[in-house]
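The primary structure of each chain is shown beneath.
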Amino acid sequence: MHYKEVKAILSPQNGMNLYRGCTHGCIYCDSRSKCYRMNHDFEDIEVKAKADQLLEYTLKRKRNKSMISTGSMTDPYVPIEEELQITRRALNQIERFDFGLVIQTKSNLIMRDIDVLEKINKKTKCIVAMTLTTADEELCKKIEPAVCTTKERVEVLKEMNKRGIPTIVWLSPILPFINDTEENIRAILDYCIEANVYGIINFGMGLTLRDGNREYFYEKLDEKFPGLKEKYIETYGDSYEVLSPDNDKLMKIFNTTCDENNIIRDREELFRYMREYKNKVTGEQLSIFDF
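Residues numbered from 1 in each chain as written. Predicted model: local features only at pLDDT ≥ 70, side-chain atom pairs only at ≥ 80, totals over all residues. Heavy atoms only, no water.

Helix and strand content of the protein: eleven helices and 13 strands. A globule of 291 residues ought to have a C-alpha radius of gyration of about 19 Å, and the protein, at 19 Å, matches this closely. Projecting the C-alpha coordinates of the protein onto the three principal axes gives extents of approximately 55 × 45 × 35 Å. Looking at the 291 residues of the protein, the share that counts as buried comes to 54%. Summed over its atoms, the accessible surface of the protein is roughly 13,700 Å², and 46% of this surface lies on carbon and sulfur atoms. Where the 44 positive side-chain charges of the protein centre and where its 48 negative ones centre are 6 Å apart. (Helix = DSSP H or I, 4+ residues; strand = E, 2+ residues; numbered from the N terminus. Rg over C-alpha atoms; globule rule 2.2 N^0.38 Å. Buried < 20%, exposed > 50% of the residue type's maximum accessible area, 1.4 Å probe, protein only. Areas by Shrake-Rupley, 256 points an atom, 1.4 Å probe, with all protein chains shown as cover. Lys, Arg positive; Asp, Glu negative; His and termini not counted. Charge placed at Lys NZ, Arg CZ, Asp CG, Glu CD.)

Below is the structure:
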């Protein structure tokens, strides 16, 4: 890991990445793509120096309260977070200044901070998002080798639900010829029903590949699924969007199951929900369009 001095901690859309790079080892990681201009080894985690102080300075001066989001590019609970506690200190600043939070992760390390998440949710809105890709624990260890397994993530979702913290699942990516089976999709959906998730975000039963992450993905296919890289190249060439041959059938199962169990699946509705800020104490409510 290494530290980097930065001048800003939030994007114009109030997104926050405290780390750049990751050691979870997920074979499909889009954040490896060259378009993100990460000028260091991906496993050499870049840590934003004095992030909590910079966040404090920024939140103090914000005219309107809003939702702060983190985890879309880099997981806020990479393993070194257990020692550094940068994410925890940032969450404390968000709670202190009455901002809302959307936090996305694959790690059950988030349970360490459930006390802060509860405090945020009591005053405003705290949404916890977890990525689920496969219900097969052994397969999970192959495609997401250095992070907790699906069952452990589901336990996080259940505990959040017990505490009244709304949860959203990212059902993505689904890897053609690996986890794009009806059995897998139904099993993940059963987990979501069991955990009483608010919504599921899905962009189709597939993944995206571009310069940077494609090369790493193919390298890992050779290592873990010999012969499958050639099938990908033959089937998809250099396509950016790589959909399962069974996409239509699997999407029908996804749509029907969500509707039957009152799980929100409309992406625009879910993104709108994640953007909308509400203060439960004062009754103040703002959307992104108020800014």
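Walk down a regular strand and you will see the side chains alternate between the two sheet faces. Burial of strand β7 (residues 126-132) is extensive: seven of the seven residues sit out of reach of the surface. Residues C126, V128, M130 and L132 point to one face of β7 and I127, A129 and T131 to the other, with burial holding for every one of them. Two elements, strand β6 (residues 100-105) and β7, share five bridges in a ladder whose sense is parallel. Across the sheet, residue T105 finds its bridge partner in β7, namely M130. For the segment spanning β6, helix α4 (residues 114-123) and β7, crossover handedness is right-handed. As paired strands, β7 and strand β8 (residues 167-171) are joined by five bridges and run parallel to one another. Bridge pairing links L132 to L171 in β8. (Pairing = 2+ DSSP bridges. Right-handed = clockwise from strand over helix to strand, strands pointing away.)

A separate point is the sheet that holds strand β1 (residues 2-4). The strand order β1-β4-β3 describes an open sheet built from three strands, whose pairing is mixed. Strand pairing shows two members of the sheet lacking a second neighbour, β1 and β3 (19-20), which therefore form its edges. Relative to strand β4 (residues 46-48), β3 is paired through two bridges, and the arrangement is antiparallel. Each residue of the ladder has a partner; that of Y19, found in β4, is V47.

Take helix α8 (residues 213-224) next. With twelve residues, α8 should cover 16 Å at 1.5 Å per step; its first-to-last C-alpha distance of 16 Å lies within 8% of that length. Within the span of α8, buried status applies to N213, R214, Y216, F217, Y218, K220 and L221. (Expected span 1.5 Å × (residues − 1).)

Before going further, it helps to examine the packing of helix α1 (residues 51-60) against helix α3 (residues 86-96). Contact geometry for α1 and α3: axes closest at 9 Å, N-to-C directions at 15 degrees. One element, α1, and the other, α3, form an angle in the roughly parallel class. Along this stretch, α1 crosses α3, giving a crossing that reads as right-handed. Residue-level inspection shows A51, D52, L55, E56, L59 and K60 of α1 in contact with α3, the latter providing I86, R89, A90, Q93, I94 and R96. A class-by-class count of the residues in the contact of α1 with α3 yields six nonpolar, one polar and five charged. (Axes fitted to C-alpha atoms, helices over the stretch in contact; angles between N-to-C directions. Parallel < 35°, antiparallel > 145°, perpendicular 65-115°, else oblique. Left-handed = near helix turned anticlockwise from the far one by under 90°. Contact = heavy atoms within 4.5 Å. Nonpolar A, V, L, I, M, F, W, Y, C, P; charged D, E, K, R; others polar.)

As a further point, take the side chain of N202. Inspection of the secondary structure puts N202 in the loop between β9 (199-201) and β10 (206-208). Note on N202: relative accessible area 3%, which makes it buried. A polar contact of 2.9 Å, which involves the side chain of N202, links it to the backbone oxygen of L171. Setting aside residues no more than four positions away along its own chain, N202 makes contact with L171, M251, F254 and R267. (Polar contact = N/O pair within 3.5 Å; in protein donor to acceptor, adjacent residues only side chain to side chain.)

Note: most residues except glycine have negative phi, and most peptide bonds are trans. The linkage connecting S172 with the following residue, P173, adopts the cis geometry, with an omega of -5 degrees. Structurally, the position occupied by P173 is in the loop between β8 and α7 (182-194). Phi is positive for K50, which is not a glycine, with a value near 55 degrees. As for its position among the elements, K50 is in the loop between β4 and α1. The class for K50 is exposed, based on a relative accessible area of 54%. In this model, N196 sits at a positive phi of 55 degrees, which is unusual for a non-glycine residue. Along the polypeptide, N196 turns up in the loop between α7 and β9.

These values are about where atoms sit, not about what they do.
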